[in-house]
Structures are given as structure tokens and as C-alpha cells.
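If you want the building blocks of each chain, they are given just below.
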Amino acid sequence: MKGYRWSRSLGLLAIAATVGMTSVPAFAASDGAAQVLEWNQIFIESLVATNTAPSVSPRVGAIVHTAIFDAYNGIERRYTPIFVQTSAPRGASRRAAVIAAAYTTLLSLFPSRQGDLDASYAASLAALSEDDDEDGGRSRERGIAWGVQVAQAVLAWRAADGFNGTYPAFRGGTAVGQWRPTPPLMGAMSSQPLAFTAPFVLPSTILFQPPPPRGLLTQTYTDDFNAVKVLGKATGSTRTDDQTWLAPFWDGNASVHWNQAANQMARANNLSMSKTVRLLTLLNVAMADTMSSTWNAKRHYGGIDTDVTWRPVTAIVLADTDGNPNTVADPGWTPLITTPSHPEYPSGHPSLNGAAATVLLSCFSDEQTFTLTTKTATDLLSRTYMSISQARSDGNNARVWGGMHYPSTVAVGDQLGENVAKYVNEHAMQPLHGDQ
């Protein structure tokens, strides 16, 4: 795995820089990219409207954007395809194909939103310019038919990827250090099918499996324990006010956050249609393959009774059983954010942050201005960033500030995502005719 590495030193737990909160800026899309960005935004809105779980959102995004990519690429043939190898009929409209592929996949994945999607579909087709349809509507019709055909092929492919399988509930174990259900629900591992879901591009979900977690008696574990104990508790923490605000903000849907960022950057940098299609597909496929790799590792290490995968909410309460003289139990300790119901190692959100930031940094300089939003039960929160790396850092640190993860696990997760993103970028959607 030349070019890929494992590192636990990401400069975590630094005090977050204060940045302003503003409304989402409006940017003009380049000619041809408008439909791609429009339907990426509709995908984002669909995740928010249906409150789709952050863990399963990357797979949804990858399905939608793979269909968009292969529909576009079957006409242009600029890159190697992801799944659909055939070419579109001659004269098919690229824009109509993109719209039809996006609509068809979104309707299948979000049937409750049919009314909204139908309206968007009709408006999007009606807005197509005449210069993309010079033969009495036949170009548009061919593009629509091709987009639907590609979308249906991608949907059929992913219907058999293992995500819809039935698996026995996993509840970890009671060995010291092993993950077990956490309060308040004390439920079995959530989104467990992701652990058995085939990747889109990676040859296997174990290609970048991280090394086993650190042991209970190591200095790393001691540092992890004591850091989250003081930073992550609900009350009496050493967090700053800004860090306390950022923890629930970054507990939002990572697919929403990073697609918002990519969409705004593509507009601001006036990316061409081909580069926009590839960027958004690379982002969503890398995040999907990262999530299945992360969940596979969670399920693997969570089933080993000698590996340390318990959550801080368990470890801090039961520290008098861990054999480490430098960890002190606090029976009343509770985290700022309710702990997700799956093993602590490796970390999920940070793995997505690492994948997404790596994709964006492969296309743009670090200094970008973009606004992210998180919808809570009562508010719509927003945060404007001036760099990709600052967003990545805040998103990662927020898992410790929220009391859900240990710093070293956050670093491992981020590196896992970075490794996956680099692999996908180097092995999928490769240019056929030089720089596209």
C-alpha cells in the first residue's frame, strides 16, 4: 500500500479558532455544471428532509452520484466508468442524462419525497437551454432515456451489495475494555449491515483496516481516557464555549456538511461540468467506501474480547476494573452528546472528515470560504469556514469535546478516511485523454 500510511498524530484537542456564522453564499455555476450542482443540492435537501442517518448517508450519496457520473461519462467518455461500461446513444443530451439519472435514483431512495422530486425534475428539464437540444427534442429524449437506464443499472447493482441483508444483532461483550451497549437506549450495534456492505471502488473493506486499538495499560490509553474525561463530560468540562457549541454542530450529518462544502467550492471556483461531476462522485464514493471500511473494522475489533473498543461512557464509569492505576473511575460521568450505539474503534465521523477533506484538498487549495449547516430539533445552525483543514480539525475534535471518542481513535479514523480517498482518487474515474 505504497503512498498510504497510518498516523495517530493529527494535532487533536487544539483550541478551535473562532469563525463567523453567516448564511450560505450564492455562487454562479459554470456553463454545463448547473444541473450537476442543482441535483447535488437536491440530494443534500433530501438527506435533511428525511433525517437520514449519518452512517448510511454516504452509501446513498455514492449511489446517486455514481449514476450521475456514469450517465454523463457514457456520453462524454472523459474518464474510466465506475460501473456502467456501455456508451449512450449518439446525440444524447448530457444535461438531460444527468437530471434523469439523479431523479431516478433519488426517487428510488427517497420515495416519500416524490412530490418534491417530481416538481424539481419537471423544472430542471424545462430549464434546459436550446443549445443542448438542436434536433427537435430528440437529444433531450435520448439523454433522459440514457440517464434512466444508467440509474436503474446502478440501483440494481447496489441492491445486492449486502446492505439489505439480515444479520444477527451484535451487542459486543462484557470483557474489560470491550464494547457493550451504552445508555440511554442500551441498544445493539446500529447500522450493522454497513460492516458487510461491498465497497464501490475498493477491492475489499479490509484493504485499509487499521491496526488493533491500544491496550488498557498503555500511555496512549491513559492519555485518551484522561483527555475525554475532562473535555467530554456534560457539565463541569474544561471545554470553551465555542467547543461546547461545535460538539453538537459537528454531530450533524457529515454527508450534508461535506457536500455543502464541495458544492460551494465548485461554484466559487467555476469548475467545468466534467470536473464537477468527478469531484462530487469522488467525494461521495470515497465517503461510502470509508464508511463500510470503518464499520467492518468496528464489527471486527468489537467482537474481540481482548481489544479496547468500549466507549468513554463505559470506560470512565468502570475505570476501577481496567487495571490501570492512572485512570480513576467517575460513576456519575455522562457525555455532552449521547453516545452512538456502535464500537468506539475506529471512529466514524472522523473517518468521513478525513476522506472528504482529502478529496477537496486534491482539487482545491486549503484556503476556501464555505458555510456548513446542521439542522437540530429546534434550530438551523450555521458555521462559515475559511479553510478545509480548519473544518476537518473542528469536526474531529468535536468527537472528543462531545465525550464520544478518544483522541487517538479520532486520529486513526481520520487516517483511514484519508487512505481510502487517496486510493479511490488514484484508481477510479481516471482521465482517458489527459487532464479533464
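As a reminder, the structure under discussion sits directly above these lines.
I will try to describe carefully the structure that is included in this document.

Reading the values: rules and limits
- Residues numbered from 1 in each chain as written.
- Predicted model: local features only at pLDDT ≥ 70, side-chain atom pairs only at ≥ 80, totals over all residues.
- Heavy atoms only, no water.
- Buried < 20%, exposed > 50% of the residue type's maximum accessible area, 1.4 Å probe, protein only.
- Helix = DSSP H or I, 4+ residues; strand = E, 2+ residues; numbered from the N terminus.
- Pairing = 2+ DSSP bridges.
- Phe/Tyr/Trp six-rings, centres within 6.5 Å; stacked < 30°, edge-to-face > 60°.
- Lys NZ or Arg CZ within 6 Å of the ring centre and 35° of its normal.
- Expected span 1.5 Å × (residues − 1).
- Arc of directions from axis to C-beta.
- Contact = heavy atoms within 4.5 Å.
- Axes fitted to C-alpha atoms, helices over the stretch in contact; angles between N-to-C directions.
- Parallel < 35°, antiparallel > 145°, perpendicular 65-115°, else oblique.
- Left-handed = near helix turned anticlockwise from the far one by under 90°.
- Nonpolar A, V, L, I, M, F, W, Y, C, P; charged D, E, K, R; others polar.
- Core = buried A, V, L, I, M, F, W, Y, C linked by side-chain atoms within 4.5 Å.

1. Remarks on the pairing of strand 1 (residues 370-375)
Among the 6 residues that make up strand 1, 5 are buried, leaving the element largely enclosed by the rest of the structure. Sheet topology note: the strand 1/strand 2 (residues 380-385) ladder contains 6 bridges and is antiparallel. Of the residues in strand 2, the one forming a bridge with K375 is L380. Hairpin remark: strand 1 followed by strand 2, antiparallel, with 4 residues in the connecting loop.

2. Notes on the packing of aromatic side chains
Under the counting rule described, the total for this entry stands at 15 aromatic pairs. Aromatic side chains F170 and W179 sit 6.0 Å apart centroid to centroid with 20 degrees between the ring planes, which places their arrangement in the stacked category. Here the two residues F170 and W179 agree in accessibility, since each one is buried. Sitting over the face of the ring of W157, R158 holds its NZ or CZ atom 4.7 Å from the ring centroid.

3. As for helix 4 (residues 114-126)
Given a rise of 1.5 Å per residue, 13 residues ought to cover 18 Å, and the 18 Å separating the end C-alpha atoms of helix 4 matches this to within 8%. Along helix 4, the residues that are buried comprise L117, Y121, S124 and L125. Down the axis of helix 4, the sector holding all buried residues measures 95 degrees, keeping them to one side. Exposed side of helix 4, more than 90 degrees from the buried face: G115 and A126 are the residues found there. The inward-facing, buried residues of helix 4 contact helix 1 (34-50), helix 3 (94-109) and helix 5 (138-159).

4. Let's talk about the packing of helix 12 (residues 388-401) against helix 13 (residues 407-427)
Put simply, helix 12 and helix 13 touch, their axes get as near as 9 Å, and they point 140 degrees apart. With respect to each other, helix 12 and helix 13 are oriented oblique. Handedness of the crossing formed by helix 12 with helix 13: right-handed. Residues R392, N396, R399 and V400 of helix 12 form the contact with helix 13, whose own contacting residues are P407, V410, D414 and E418. Tallied by class, the residues present in the contact of helix 12 with helix 13 amount to 3 nonpolar, 1 polar and 4 charged.

5. Things to note about the environment of A357
Of note, A357 is situated in helix 11 (residues 348-363). The exposure class assigned to A357 is buried, which follows from its relative accessible area of 0%. Spatially, the C-alpha atom of A357 lies 9.7 Å from that of A262, the residues being 95 residues apart in sequence. Ignoring anything within four residues of it in the chain, the contact list for A357 reads W258, I388 and R392.

6. Some points on the nonpolar core
With 115 residues, the main nonpolar core has W39, W250, W258 and L360 as its most contacted residues. It is helix 9 (residues 273-302) that contributes the most residues to this core, 12 residues altogether. Not counting residues up to four positions away in its chain, the partners in contact with W258 are W250, L283, M287, L352, N353, A356, A357, L360, I388, A391 and R392.

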